[in-house]
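Remarks on the overall topology
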Amino acid sequence: MDRLRQDLRVSLRALINQPGFTSIAIVVLALGIGANTAIFTLVEAVMLRPLPVERPHELYRLGDGGNCCVVSGFQGSYSIFAYPLYERFRSQLPEFVDLAAFEARTTLFSVRRAGSPGAALPLAGELVSGNYFETFGVRPAIGRLLAATDDRAGAPFVAVMSYRAWQERYHLDPAVIGSAFTINGLPATVVGVTTPAFFGDTLRPDAPDVWLPLAIEPILRQKNSLLASATQNWLYVVGRLNPTTQVSKVQARATLLLQQWLTDRGEVPERFRDRIPQQTITIASASRGVGLMQRRYADGLRALALVSGLVLLITCANIANLLLARANHGQLAVRAALGASPSRLVRQTVTEGVLLGVAGGAAGIGVAYLLTRVILTLAFHGAPAVPVDPQPSLPVLAFALMLSLLTGVVFSAGPAWITSRANPIEALRGAGRSTAGRSAAARQVLVVLQAALSVVLLVSAGLVTESLRRLEHQSFGFESAGRFVASINPVLAGYRPEQLPALYRQLEDRLSGIAGITSVSLSLYSPMRGDNWSSGISIEGRSNDPSREDSASWNRVGPRYFETLGTRLVRGRSIGEQDTPASPRVTVVNQAFVRKFFPDGDPLGKHLGIGDASHSNDFEIVGVVEDTKYVRANEPAWPTFFLPLLQTVAQRDASDGSAQTRSTYVRDIELRMSGRSDHLEASVRQTLAEIDPDLTLLGLVTLDEQLGRNFNQQRLMARLTMLYAILALILACVGLYGVAAYTVTRRTGEIGIRMALGADRGRVIRWVLAGTLRQIACGLLIGIPLALATGRALSSQLYDVSPRNPVILNAAALALVVSAGLAALIPARRAASIEPVRALRAD
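Residues numbered from 1 in each chain as written. Predicted model: local features only at pLDDT ≥ 70, side-chain atom pairs only at ≥ 80, totals over all residues. Heavy atoms only, no water.

1. Concerning the packing of aromatic side chains
How two aromatic rings sit relative to each other is set out by the distance from centre to centre and by the angle between their planes. Summed over all chains, the structure comprises 27 aromatic pairs. Aromatic side chains Phe-198 and Trp-211 sit 5.8 Å apart centroid to centroid with 35 degrees between the ring planes, which places their arrangement in the tilted category. Here Phe-198, found in the loop between strand S9 (186–194) and strand S10 (210–213), pairs with Trp-211, found in strand S10; they are 13 residues apart in sequence, far enough to count as distant. Per residue, the accessibility class of Phe-198 equals that of Trp-211, and both read buried. On the numbers, 6.4 Å between centres and 15 degrees between planes, the contact of Trp-554 with Phe-641 is stacked. On the criterion of sequence distance, the pair formed by Trp-554 in strand S17 (residues 551–557) and Phe-641 in strand S22 (residues 640–644) is long-range, its members being 87 residues apart. (Phe/Tyr/Trp six-rings, centres within 6.5 Å; stacked < 30°, edge-to-face > 60°. Helix = DSSP H or I, 4+ residues; strand = E, 2+ residues; numbered from the N terminus. Buried < 20%, exposed > 50% of the residue type's maximum accessible area, 1.4 Å probe, protein only.)

2. A few points about the packing of helix H1 (residues 2–17) against helix H2 (residues 19–48)
Two quantities define a packed helix pair, namely the angle between the helix axes and the distance between the axes. Relative orientation of the contacting elements H1 and H2 amounts to 100 degrees, with a least axis distance of 5 Å. Overall, the two elements H1 and H2 adopt an arrangement that is roughly perpendicular. Across from Leu-15, Ile-16 and Asn-17 in H1, the residues of H2 making contact are Pro-19, Phe-21 and Thr-22. Here the residues of the contact of H1 with H2 are counted per class, giving four nonpolar, two polar and no charged. (Axes fitted to C-alpha atoms, helices over the stretch in contact; angles between N-to-C directions. Parallel < 35°, antiparallel > 145°, perpendicular 65-115°, else oblique. Contact = heavy atoms within 4.5 Å. Nonpolar A, V, L, I, M, F, W, Y, C, P; charged D, E, K, R; others polar.)

3. A word on the layout of surface pockets
Approximately 560 Å³ is the volume found for the second largest pocket. Counting only elements with at least two residues in the lining of the second largest pocket, the list comes to H2 and helix H5 (163–170). If you tally residues by element for the lining of the second largest pocket, the top one is H5, at three residues. Partitioned by chemical class, the residues of the lining of the second largest pocket number 17 nonpolar, four polar and five charged. (1 Å grid on protein atoms, 1.4 Å probe; cavity = no way out; pocket = protein on both sides within 12 Å on 5 of 7 lines; lining within 4 Å. Points joined across faces, edges and corners; volume = space filled by probe spheres on them.)

4. As for the confidence of the model for the chain
Mean pLDDT over the chain works out to 86, with 89% of the residues at or above the 70 mark. Between residues 430–435, whose pLDDT stays under 50, and residues either more than four places distant or in other chains, the model counts 10 contacts. (pLDDT = per-residue confidence, 0-100.)

5. Regarding helix H3 (residues 83–92)
Considered for burial, the residues of H3 that qualify are Tyr-83, Pro-84, Leu-85, Tyr-86 and Phe-89. Buried positions along H3 lie against strand S1 (59–62), strand S3 (96–103), strand S11 (235–241), helix H7 (247–264) and strand S12 (280–281).

6. Let's talk about the pairing of strand S23 (residues 668–673)
One face of the sheet, then the other: side chains in a regular strand alternate in exactly this way. Burial within S23 is extensive, with five of its six residues counted as buried. Direction of pairing for strand S14 (residues 483–487) relative to S23: antiparallel, over a ladder of five bridges. When the sheet's bridge partners are listed, Ala-486 is paired in S23 with Ile-669. Taken together, the six bridges between strand S15 (residues 517–523) and S23 define a ladder with antiparallel strand orientation. (Pairing = 2+ DSSP bridges.)

7. Digging into the nonpolar core
Formed by 125 residues in total, the largest nonpolar core has its most connected members in Phe-593 and Phe-641. Contacts of Phe-593, omitting those with residues within four sequence positions, involve Ile-537, Ile-539, Ala-552, Phe-598, Leu-608, Pro-639, Thr-640 and Phe-641. (Core = buried A, V, L, I, M, F, W, Y, C linked by side-chain atoms within 4.5 Å.)

8. Some points on unusual backbone geometry
With a phi close to 40 degrees, Arg-55 is a non-glycine residue in the positive phi region. In this fold, Arg-55 is placed in the loop between H2 and S1. One non-glycine residue, Arg-560, lies in the positive phi region at around 65 degrees. Tracing the chain through its elements places Arg-560 in the loop between S17 and helix H15 (561–565).

9. What about the pattern of salt bridges?
According to the stated counting rule, one finds 34 salt bridges in the structure shown. Taking the shortest distance from any N to any O, the salt bridge between Asp-206 and Arg-204 comes out at 3.1 Å. Classification of Arg-204 as buried rests on a relative accessible area of 11%. Salt-bridge contacts for Arg-632 lead to Glu-635; the nearest nitrogen and oxygen are separated by 4.0 Å. Taking the relative accessible area as the measure of exposure, Arg-632 reaches 42% and is therefore partly exposed. The network of salt bridges with shared partners includes Glu-54, Arg-55, Glu-58, Arg-139 and Arg-240. (Salt bridge = Lys/Arg side-chain N within 4 Å of Asp/Glu carboxyl O.)

10. Brief notes about the side chain of Ser-162
You can see Ser-162 is positioned in the loop between strand S7 (158–161) and H5. According to the relative accessible area criterion, Ser-162 is buried, its value standing at 4%. The contact partners of Ser-162, leaving out residues within four places of it in the chain, are Val-193, Thr-194, Pro-208, Asp-209 and Trp-211.

11. Considerations on a nonpolar patch on the surface
Where nonpolar side chains cluster on the molecular surface, the patch consists of Val-358, Leu-401, Met-402 and Leu-405 and spans about 340 Å² of accessible area. Per element, the largest residue contribution to the nonpolar patch is three residues, and it comes from helix H11 (residues 394–419). Look at Leu-401 and you get partly exposed, because its relative accessible area is 45%. (Patch = residues over 30% accessible without salt bridge, like charges linked within 9 Å, V, L, I, M, F, W, Y side chains within 5 Å. Areas by Shrake-Rupley, 256 points an atom, 1.4 Å probe, with all protein chains shown as cover.)

12. Re empty space enclosed by the protein
According to the stated counting rule, one finds three cavities of 30 Å³ or more in the structure shown. Lining the largest cavity are 13 residues, with Thr-628, Lys-629, Tyr-630, Val-631 and Trp-638 positioned closest to its centre. For the lining of the largest cavity, a count of residues per class yields six nonpolar, four polar and three charged. Each pocket or cavity is described by its volume, and for the second largest cavity that value is around 70 Å³. Forming the walls of the second largest cavity are Leu-42, Val-46, Tyr-297, Leu-301, Leu-376, Ala-379, Phe-380, Val-388 and Leu-716.

13. A short note on the pairing of strand S8 (residues 180–183)
Every second residue of S8 is oriented toward a common face, the buried set being Phe-181 and Ile-183 and the non-buried set Ala-180 and Thr-182. Of the strand pairs in this sheet, strand S4 (residues 107–113) and S8 are connected by three bridges, and their pairing is antiparallel. Residue Arg-113 lies in a different strand from S8, and its bridge partner there is Phe-181. Note that S8 and S9 share four bridges and pair antiparallel. Its bridge partner lying in S9, Phe-181 is registered against Ala-188.

Right, here's the structure in full:
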């Protein structure tokens, strides 16, 4: 301990006596450690942090996949379930202490406090079973939470509010508890508020504002109810597993129950019954909830962790270079001559490095906090809420501390060993050339390492940036300029199916009258909103192959839909005013649909339908439009057909019939506008209120904004990788500058002799630059193969870009060479300015 105190005291004194070196080292370390800590903050919050509930390790989920919507038909590996099937699991899986069900996605509800003069608020809500909060182990912040008695037919309608909604919407008013509200026009009572930490069962940007009991679903949705349907899968299921239970046994039992359920159901067509034995359930840990965001960001976070790790390696090499540059070999040799052992000299240098690492880590916490906020802004641009807190948690602080200590040891170990090899006799004589030579060689190796890693980061940044550019500027099958999307939900205003035709006519007529609006159309969902409806279909004349289940995506659209969006009509006609519920039923298909189902024929005049072969003549194909992307920008457009808003067909299958009824409720209004749009939202909101005060505008965005939200993850990757690459290039240039300056200082006498013998300024500059470029050449020889390997690893994150793109490789190499040349030019010019006489005297 005495030696440790001595080492600390000496190291502190040395760092204080050299404030310039210390400041630069701390700033460089803060950037490197802060960059890594920021990424770990996201990794810890998204991938590692358990739900803020009691004993999260006991929570398990039936299924391990994710679904956004209602699913009918086989799933293969089941992750989403019908309510009657959930009830069977709950009664026949005693291994679970309790089993809760909840809707797979949040839904916007119209919420108004009784007596409030303001408009109803659109709040995100989630339907859950009465034992939901008990199963998860959540306690109320105020009031009480849902109970099993609240989730029964005929029970009073109650709701639980999130702490965030209570704080942001109602300013923590305690009178909210027990107050009367109307939710979708139904009287309800808010009975409690969750704790501030509880965000729900899934880490998501649209976390629930209110939780409602499943029993109220038939009253809320009326004819569109899913609760009693055995064929509509729409619920996730999570339970608390008995600690003594083996997961594999529960998984086998749950799979058997599923297969028995499918076998007993008469709705499964005979031709598909041989697929029942392939339907399974995976029991997955739910300690971190339903892992939708974990799966979405996993690859990106791993890539960013790799990039930030490379930056930290460059940082270590840079600080090691600084330590070697400032090393006083004579002083160390004097200490050795006075009896200091090599191990003591190493320990002294390492102690100094650890102190620098800790100081840099402390400053890096602030850098990490700021960088995390920037990252969250990029990752969740346009989201209602940011589900990650940028404040560093205890695991993050522990990570920063350990990284600081490790970094301090790593960058000081090499210089410590080299400087400890100083020969006391040579140092006391004023020579020390052998140690200085080893120091110079080590510094050159470190610069080569920095150059190689910089190339890797520059190429990676170029690849992801070019991928983002191509992703954003591809042809999506529509024009986004001057287009807006207004979101509504007639269900929230209590509209019944027979009231929809009159509502849609009013919407089209009244919105068309807003100044600047040139075209209006309605649809079930708009492009790149992230929604998708798909069903099994039958096509006239197509052979009935029992091993094949034909399916396609579909959408409901109003007149002028394709014209409003700027989607090109390829053949035939589009959907128009004449396509009413009473007119012949028609459909328009996209080119992907034609390629899949009519590769060698003309689709016009052919018929198709939703469901089995008895519906193959329901809709006549009257037009073909160009492919439009609706869900994933990095995939080809899916085969899609478009139906008029209100043309439906009676279905024998209850699930298909229910889906058709639900699909007639439009969610989006497409607006094409010329001129300024400053007051568009206010005008649309006022127009909706004039049509019906309960018809709430849920949101209004430009189509450009709606499209751009799909690239949040790619934009985050591109901008952070570019930021880290620029940082790495700057650090590498600093290292090159240091080596060049050190070389000039050490070889001042040699330069003086060269100039005395007739060497001109240009020759001296070329000599210094040549030494720098040799190091860069070595760095490129090492870095380009590493960059190619990194590009292959990133290939899953790239769109339409080859990992071996020669333009990007050449641009990265050129950027490094030019930057290195500029960094070395300053010491080269200083070398050329040396006066030979002074140089010879100094030597």
